[in-house]
Amino acid sequence: MSKLWNVAVVGATGAVGAQMIECLEERSFPVGKIRYLASSRSAGELLEFRGKPVVVEELTHDSFEGIDIALFSAGGDRSREFCPSAARAGAVCIDNSSAWRMDPDVPLVVPEVNPQAIARYTNKGIIANPNCSTIQMVVALKPLHDYATIKRIVVSTYQAVSGTGKKAIEELRDQIRAMLQGKPAECTVYPHRIAFNCLPQIDSFLENGYTGEEMKMANETRKIMEAEIGVTATAVRVPVFYGHSESVNIETGKKITVDKARELLKSAAGVELVDDPATRVYPMPIDAAGQDLTFVGRIREDESIENGLNLWVVADNIRKGAATNAVQIAEILIEKYLK
C-alpha cells in the first residue's frame, strides 16, 4: 500500500479552501487524516471529505502536530503568522497568499514551468503558490520562452470576481438581481459597482501608479521564469464569476511564427490550444470554468514590431489559478521529496 499523508487545509471554509478539498478528492491524493482549519467564527462547522464528516477546527499555533502537508488559503496575515508554526511542527506549507512569494528563500512554483524549484522547500518548510493571473500566463509563455527567449511582456487582465472570494461572488449576484429588478446596487466589497461594469483596479495603488496585483505579475513572472523579462500589466476586474482572461503581447529574441507558436503550445504541459478564428473558436471563461488547463487562442503576430506575438489566455482562477496548482505541488512533493 502506498504511503498516506496527513493534510491540513487552512481556510477550509473559503472559496479556494473548498476547491482545494475538492481537488484532493478528484485527484485521489493519498490522504490519511485530514484537518480543516479556519477562524474562530467558522470553528464547529461540519464539512465533508470523501463522504465523511469533518468538523472545522479553529486555527491555532498548535494545529499542526502530526500534519505532513498544510495547504494554506487564509490570507497573507494568517500565512505570515502560522506558516512558521506549521513548519516547526514538521509540516510542509503550500501557501496561496502573497505572504511568502517574493521571499528569496521560498520557492515560487508552477509545476508545468519550474517544478525543480520545489526542492528548495527545505529552506523554510514553505512553498509559495503564485498569483492566479501569473500562473496561467507563465504556463502559456514557458514553451515560447524556451524557444525564443521572451524579452518583454505587455499584459491586460480581465479577472473574475471569484478572485476576491465568496463575498465578491455574492455581491455580483446580488447587484445583478437588484438591477434587473430596478433596485439600487449596494457596493461593499468593491469601491464601485461591478455588475455590468469593469473596474481598472485590483489591489491597492502604489506610488508608481500600478496596483499591487499588476506588480505581482511583473515580479512573480521574473522569479518563476528565472529571467529578467520586462513586464508591464494592467489588471481589470470584470463581471464574470469564474475564469480569468488575459490579453498577452510578447516580444521575443527571435521570431515565432503563428504556426510555430501553435506547434509549441499544442504539445505544452497544462495547455489546451483553442485557436480557430475562421470558425469563431477561441478560449472563453465560460469554457474554462471548472477546468484545470490553461486555454490559449487568438494567436497572431504583432505587426508593429519585428518579433512580436499576441495571445489570449484563459483559465479557471480558483482551480489552476489557486487550488489545483497547490495540489499539483503537493503531488510532486510526495513523489520526489518527502519520505
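It should be noted that the structure appears before, not after, this text.
All values reported here derive from a predicted model rather than from experimental measurement. (Residues numbered from 1 in each chain as written. Predicted model: local features only at pLDDT ≥ 70, side-chain atom pairs only at ≥ 80, totals over all residues. Heavy atoms only, no water.)

Regarding the packing of aromatic side chains
So, point 1. As enumerated under the stated definition, the model contains three aromatic pairs in all.
So, point 2. With 5.8 Å between their ring centres and 20 degrees between their planes, F64 and F72 make a pair best called stacked. In this structure, F64 and F72 share a single accessibility class: buried.
So, point 3. With 5.3 Å between their ring centres and 55 degrees between their planes, Y158 and W312 make a pair best called tilted. In this pair, Y158 sits in strand β9 (residues 150–159) while W312 sits in strand β14 (residues 308–315), placing the two residues 154 residues apart along the sequence.
So, point 4. Judged by relative accessible area, Y158 falls into the partly exposed class, the value being 34%.
So, point 5. The aromatic ring of Y147 is capped on one face by K254, whose charged end is 4.2 Å from the ring centroid. (Phe/Tyr/Trp six-rings, centres within 6.5 Å; stacked < 30°, edge-to-face > 60°. Buried < 20%, exposed > 50% of the residue type's maximum accessible area, 1.4 Å probe, protein only. Helix = DSSP H or I, 4+ residues; strand = E, 2+ residues; numbered from the N terminus. Lys NZ or Arg CZ within 6 Å of the ring centre and 35° of its normal.)

A word on the pairing of strand β2 (residues 31–38)
So, point 1. Pairing geometry for strand β1 (residues 5–10) and β2, over five bridges, is parallel. Residue pairing across strands places W5 opposite V31, the latter belonging to β2.
So, point 2. As a crossover connection, the stretch from β1 through helix α1 (residues 15–26) into β2 is right-handed.
So, point 3. In this sheet, strand β5 (residues 57–58) lies alongside β2 in parallel orientation, the contact comprising two bridges. Looking at β5, one finds that L37 is bridged to E57. (Pairing = 2+ DSSP bridges. Right-handed = clockwise from strand over helix to strand, strands pointing away.)

Remarks on the side chain of T252
So, point 1. By secondary structure assignment, the location of T252 is in strand β11 (residues 244–252).
So, point 2. Here the side chain of T252 touches K254 through a polar contact of 2.6 Å, landing on its backbone oxygen.
So, point 3. In this view, T252 contacts A148, T149, I150, K151 and N307; residues no more than four positions away in its chain are not counted. (Polar contact = N/O pair within 3.5 Å; in protein donor to acceptor, adjacent residues only side chain to side chain. Contact = heavy atoms within 4.5 Å.)

In short, geometric facts, not functional conclusions.
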